[in-house]
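Listed below are the residues making up each chain.
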Amino acid sequence: MRKDVRILLVGEPKVGKTSLIMSLVSEEFPDEVPRRAEEITIPADVTPERVPTHIVDYSDAEQSEEQLFQEISKANVICIVYSVNNKKSIEKVTSHWIPLINDRTDKDSRVPLILVGNKSDLVEHSSMETILPIMNQYQDIETCVECSAKNLKNISELFYYAQKAVLHPTGPLYCPEEKELKPSCVKALTRIFKVSDLDNDGILNDNELNFFQRTCFNTPLAPQALEDVKNVVRRNMADGVKDNGLTLKGFLFLHTLFIQRGRHETTWTVLRRFGYDDDLELTQEYLFPLIKIPPDCTTELNHNAYLFLQSVFDKHDKDRDCALSPEEVKDLFKVFPYMPWGPDVNNTVCTNDKGWITYQGYLSQWTLTTYLDVQRSLEYLGYLGYSIICEQESQAAAVTVTRNKRIDLQKKQTQRSVFRCNILGAQGSGKSGFLQAFLGRNLQRQRRIREDHKSFYAINTTYVYGQEKYLLLHEVMPDVDFLSETDLSCDVVCLVYDINNPSSFEYCAKVYKQYFIDSKTPCVVIAAKSDLYDVRQHYSLSPHDFCRKHKLHPPQPFTCNTADAPSKDIYTRLTTMAMYPHARLRCMCSCNRCAYCLCQNLLKLELLHSIKAQLRRVVYNSLPLFLQERFIPKSNKLAALLENVLEADCSARHMAQADLKNSTFWLRASLGATVFAVLGFAMYRALLKQR
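Throughout what follows, the structure given in this document is the object of discussion. Every residue gets a number counted from 1 within its own chain, in the order that chain's sequence is written. Two thresholds apply to this predicted model, a pLDDT of at least 70 for residue-level local features and 80 or more for giving and counting side-chain atom pairs, whereas whole-chain, interface and lining totals are computed over all residues. Side-chain measures here rest on the full set of heavy atoms in the structure, leaving out hydrogens and waters.

### Some words on the overall build of the protein chain
So, point 1. Here a helix means four or more residues in a row that DSSP labels H or I, a strand means two or more in a row labelled E, and each is numbered from the N terminus. The helix and strand tally for the protein chain stands at 27 helices and 20 strands.
So, point 2. Out of the 691 residues belonging to the protein chain, those deemed buried represent 50%.
So, point 3. Here, residues are in contact when the closest pair of their heavy atoms is within 4.5 Å. Of the contacts made within the protein chain by residues no fewer than 6 positions apart, 69% connect residues no fewer than 24 positions apart.
So, point 4. Surface exposure of the protein chain reaches about 36,200 Å², of which carbon and sulfur atoms provide 51%. Between buried and exposed lies partly exposed: a residue is buried under 20% and exposed over 50% of the maximum accessible area for its type, with that area taken using a 1.4 Å probe on protein chains only. Surface accessibility follows the Shrake-Rupley procedure with a 1.4 Å probe radius. Residue values consider only the protein chains on display as shielding.

This is the structure we're talking about:
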């Protein structure tokens with residue numbers, strides 16, 4: 001909506017242009033009328049539309065044609081004043097003024113015109129019979145008002161209609177010749193209907209109509225008023241009401257009726273509430289609200305945004321199979337001016353056996369978009385009507401800006417939910433296979449992917465210590481000399497080489513030494529295609545020796561050439577490293593030499609099982625008979641708890657010294673101490689009784 005309105009009054013001399021302005025300002029007919037009134041400004045709080053209004057008078061006796069042309073170019077609406085008792089002034093409307101104004105304005109941005117018949121107090125008849133053919137001939141004429149500056153008749157109404165013609169123009173909405181809504185208006189109202197149809201059944205029921213009414217006009221409809229509206233539609237349209245709800249045809253008919261009855265401000269209120277401007281395009285302010293993202297911060301969707309997206313998914317998943325078929329995806333994006341998701345999305349997120357995007361894949365794609373391009377995500381949420389449905393000021397309320405990564409490193413903890421892993425490797429090393437395996441696709445399924453449908457991204461959820469996190473994999477194009485800042489900016493790096501290609505590891509070694517040797521970003525070497533023969537690499541150091549020299553984890557064997565879905569253990573480890581880059585996490589190997597492997601083997605020893613059995617027997621014999629039956633299931637749980645405590649203790653040995661301050665560690669230590677104290681006390685009591 002415009003911030004102010006500029007009204008220009010033109011017409012033949014002596015028709016009363018200046019008198020109209022003076023009568024409006026002083027609320028009485030002036031005794032002396034100057035040749036031309038000075039420009040006046042009516043404050044916003046005085047006008048009905050709450051918009052400042054500038055009223056400009058024109059006098060050919062005091063102004064030149066050039067000044068007139070300048071005023072026409074600045075005006076938002078032009079009032080052509082004629083005298084109802086002067087036929088010559090009426091003829092001049094079509095012979096002089098309308099052609100003059102049209103010559104000085106663009107066809108695509110014509111200024112609305114209002115015909116003003118002044119001096120109605122001097123005649124008993126109306127001039128409307130003469131004016132109606134002119135109004136039908138020129139589409140730019142909004143309305144005609146007969147008034148009297150002397151009697152103050154319709155003076156306020158005149159300037160109200162002038163304001164209304166600017167703030168609520170009929171031109172973009174309605175075609176008077178066809179007596180129907182224009183296509184752009186139908187398109188906008190159709191989107192509004194679909195957004196308001198919360199259950200996607202093609203009908204606005206009473207609850208949806210009340211929500212729509214409250215959203216646009218801040219007040220619900222009374223039950224009787226709601227029924228009256230539907231009755232009006234029933235009388236005029238056979239299929240306007242269905243199952244006691246308003247159909248799209250009925251919704252469009254109502255707005256057509258509003259405009260035909262001169263209440264187009266009602267339609268404009270609805271359009272502007274849903275983000276449309278005067279050209280029926282969604283405004284930039286609506287689609288791209290301001291959001292500040294400091295350096296080294298990322299963007300994620302918050303809980304309310306995920307709830308909204310879940311409701312959108314449920315709304316369009318008509319067959320309730322927790323996946324969106326191609327038809328359901330098209331239906332979801334009908335409120336968009338274009339199709340936002342291409343065929344590559346199906347190879348970026350999880351799909352079902354039919355290749356349809358699952359619920360988890362749907363949320364993952366939204367998470368990916370928000371992380372990589374938050375402005376695009378805000379735009380998409382705007383099309384879906386997030387701020388309307390969730391009653392928020394803008395889509396920016398759906399986004400959380402995470403804190404600086406440096407603070408996370410200092411605090412040694414993070415609240416982030418999305419972590420980025422860049423995949424680097426020579427061409428043909430298996431990077432694409434590594435991405436697709438994250439989505440649960442083995443080599444056989446990957447071979448069905450078309451070349452033009454491939455994606456350089458893959459995103460899915462992993463669980464780290466019981467917390468659901470998103471891991472975003474990005475395949476970086478193999479170019480050692482031209483890695484951009486984006487290629488290097490991530491939470492963890494994967495260096496992938498083909499164990500069957502002797503030249504493959506050299507690229508990984510060069511990239512690591514050039515970009516990551518002094519970086520704090522965790523790096524992992526992936527030995528891809530581990531189902532093939534491991535050949536000697538043409539590099540001065542073997543991959544294992546290289547990793548040992550640079551204090552990296554040993555190369556992790558990986559293959560997607562499996563009968564079932566590939567293992568996701570490596571992705572969980574990558575997410576853990578991204579979450580805790582400062583910590584030495586548990587070993588990623590099976591060397592049987594490190595502390596973790598030795599502890600795992602200890603837990604599997606037969607000796608430990610015999611000790612547990614002996615402990616259970618001693619405690620069992622020390623109990624009274626009536627408690628022995630209850631002890632057996634509890635002792636099994638106690639033994640399992642003891643084993644978990646031992647595992648936790650072994651895992652803790654792999655944490656850095658600085659990590660000992662972590663609250664999770666101390667919780668585990670306290671639990672372990674409590675269990676050992678209880679067991680020690682029980683054994684002590686048992687030994688005393690035996691003595």
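### With respect to the side chain of N404
So, point 1. Relative to the assigned elements, N404 resides in the loop between β14 (399-401) and α17 (405-411).
So, point 2. Two N or O atoms count as a polar contact when they lie within 3.5 Å, although within protein this holds only if one can serve as hydrogen donor and the other as acceptor, and sequence-adjacent residues are included solely when both atoms are side-chain atoms. Polar contacts involving the side chain of N404 include one to the main-chain carbonyl oxygen of P295, which spans 3.3 Å.
So, point 3. Look past the residues within four positions of N404 in its chain and what remains in contact with it is P295, D296 and C297.

### Structural notes on the pairing of strand β4 (residues 77-83)
Every regular strand shows the same layout, with side chains that alternate between the two sheet faces.
So, point 1. Burial of β4 is extensive: seven of the seven residues sit out of reach of the surface.
So, point 2. In this analysis, strands are considered paired if DSSP registers two or more bridges between them. Pairing of strand β1 (residues 5-11) with β4, which is carried by five bridges, proceeds in the parallel orientation. What sits directly across from I7, in β4, is V77.
So, point 3. Where β4 and strand β5 (residues 113-118) come together, six bridges link them in parallel fashion. Within the sheet, the bridge partner assigned to V81 lies in β5 and is V116.

### Thoughts on the pairing of β1
So, point 1. The buried count for β1 comes to seven of seven residues, which makes it a mostly enclosed element.
So, point 2. Every second residue of β1 is oriented toward a common face, with V5, I7, L9 and G11 on one face and R6, L8 and V10 on the other, all of them buried.
So, point 3. Pairing of β1 with strand β3 (residues 53-57) involves five bridges; the strand directions are parallel. Residue pairing across strands places I7 opposite I55, the latter belonging to β3.

### Some words on the environment of K315
So, point 1. Mapping K315 onto the fold places it in helix α12 (residues 303-316).
So, point 2. Note on K315: relative accessible area 15%, which makes it buried.
So, point 3. Sequence spacing of K315 and L332 is 17 residues, and the spatial spacing of their C-alpha atoms is 8.6 Å.
So, point 4. Once you skip the residues sitting within four places of it in the chain, K315 turns out to touch K194, V195, D197, L198, D199 and N200.
So, point 5. A distance of 2.9 Å separates a polar atom in the side chain of K315 from the backbone oxygen of K194.

### A word on the packing of aromatic side chains
So, point 1. Two rings from Phe, Tyr or Trp (for Trp, the six-membered ring) form a pair when their centres sit within 6.5 Å of each other. Planes less than 30 degrees apart are called stacked, planes more than 60 degrees apart edge-to-face, and all others tilted. This structure, assessed with the given rule, holds 27 aromatic pairs.
So, point 2. Ring centres of Y539 and F546 lie 6.1 Å apart, and the angle between their planes is 75°; this geometry places the pair in the edge-to-face category. The residues Y539 and F546 share a single accessibility class, namely buried.
So, point 3. Here the aromatic residues F313, F333, F336, Y338, W341, Y359, Y362, W366, Y380 and Y383 are joined through ring pairs into a cluster of three or more.

### Re the layout of surface pockets
So, point 1. Here a cavity denotes grid points, spaced 1 Å and computed from the protein atoms alone, that fit a 1.4 Å probe unable to get out, and a pocket denotes an open set having protein on both sides within 12 Å along at least 5 of 7 lines; residues with an atom within 4 Å of a point are the lining. Grid points are joined across faces, edges and corners, and a volume is the space filled by probe spheres set on the points. By volume, the largest pocket amounts to about 1,500 Å³.
So, point 2. Q139, E142, P169, T170 and G171 are the residues nearest the centre of the largest pocket, which is lined by 48 residues in total.
So, point 3. Put simply, the parts of the chain that give the lining of the largest pocket at least two residues each are α2 (65-74), α4 (128-137), β6 (141-146), α5 (155-167), β7 (174-175) and α9 (248-260).

### Structural notes on the pattern of salt bridges
So, point 1. The term salt bridge refers to a pairing of a side-chain nitrogen on Lys or Arg with a carboxyl oxygen on Asp or Glu at a separation within 4 Å. Under the defined criterion, the tally for this structure stands at 21 salt bridges.
So, point 2. When the shortest N-O distance is used, the salt bridge between D278 and R272 registers 2.6 Å.
So, point 3. Under the relative-accessibility criterion, D278 is labelled partly exposed at 21%.
So, point 4. Connected through salt bridges with shared partners, the residues R6, E39, E71 and K74 form a single ionic network.

### Focus: a negative patch on the surface
So, point 1. Candidate patch residues must exceed 30% relative accessible area and have no salt bridge, after which like charges are joined if within 9 Å and Val, Leu, Ile, Met, Phe, Trp or Tyr side chains if within 5 Å. For the purpose of charge, His is not counted, nor are the chain termini; Lys and Arg are scored as positive and Asp and Glu as negative. Each charge is placed at NZ for Lys, CZ for Arg, CG for Asp and CD for Glu. Where like charges cluster on the molecular surface, the negative patch consists of E27, E28, D31 and E32.
So, point 2. Tracing the chain through its elements places E27 in the loop between α1 (17-26) and β2 (40-42).
So, point 3. Exposure remark for E27: the relative accessible area of 64% places this residue in the exposed category.

Worth remembering: the numbers are spatial, not functional.
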